[in-house]
Amino acid sequence: MSILEFTEGAERKFAADRMLGRLVKWLRAAGFDVIYGPHLSGYGLIRAARAENRLILTRDRGLKQKQPPEFIFLESDFYDAQLRQLVRDCRLKWGERLFCRCLVCNFLLQARSKTTVENLVPPYVYSSQERFSWCPKCRRVYWPATHQQKMVAALEKIAAA
Ligand SMILES: [Zn+2]
């Protein structure tokens, strides 16, 4: 078993309902495995969570009438308060695994050498960045940038609150 698989197996996985798009991006940025999509509400969400042993995150008050597996009802409409609730209720921790996952499709990113992304990123990015990764599913290329530093700062603030 690789270190990666071990980390994945030990990590809490989530299934988020379709009202939680903003929160999902933040959780993925923090490295968590979160499934999300238009089919994930009501019984679709329950089925998917059960199939992959995921903790349900929901804003749907009616979900508990549908006999879901373990779930967390998020009290706020705002992603920062939602993250704070998860830190409190699930003892979420972030650190080493920031930005290892595609924000759009949840796949783990793979490192790419600089020369292989020359035609995939804007010229100023190519000339100013040295480290690149990409999503094997949607082929988006990622690189460390100021928005990542801002997200890290925001996550640390939320974790410390
Ligand atoms: Zn992707």
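What counts as what
Residues numbered from 1 in each chain as written. Predicted model: local features only at pLDDT ≥ 70, side-chain atom pairs only at ≥ 80, totals over all residues. Heavy atoms only, no water. Pairing = 2+ DSSP bridges. Helix = DSSP H or I, 4+ residues; strand = E, 2+ residues; numbered from the N terminus. Contact = heavy atoms within 4.5 Å. Axes fitted to C-alpha atoms, helices over the stretch in contact; angles between N-to-C directions. Parallel < 35°, antiparallel > 145°, perpendicular 65-115°, else oblique. Left-handed = near helix turned anticlockwise from the far one by under 90°.

> Requested: an account of the sheet that holds strand 4 (residues 71-73), with residues and values cited.
Taken together, the 4 strands give an open sheet; going across it, the order is 2-1-3-4, and neighbouring strands pair in parallel fashion. Edge positions in the sheet fall to strand 2 (34-35) and strand 4, since each has one partner strand and no second. In the sheet, strand 1 (residues 14-16) pairs with strand 2 via 2 bridges, with the strands oriented parallel. Looking across to strand 2, one finds that Phe14 is bridged to Val34. On top of the sheet, helix 4 (residues 79-90) reaches strand 3 (55-58) and strand 4; it is set at about 135° to strand 4, its chief contact.

> I'd like a rundown of the packing of helix 4 against helix 6 (residues 146-160), residues and numbers included.
Axis separation between helix 4 and helix 6 bottoms out at 9 Å; the angle between their running directions is 50°. As the angle between them shows, helix 4 and helix 6 are arranged oblique. Seen from above, helix 4 lies across helix 6 with right-handed handedness. Of the residues in helix 6, those touching helix 4 at Asp80, Leu83, Arg84 and Val87 are Leu155, Ile158 and Ala159.

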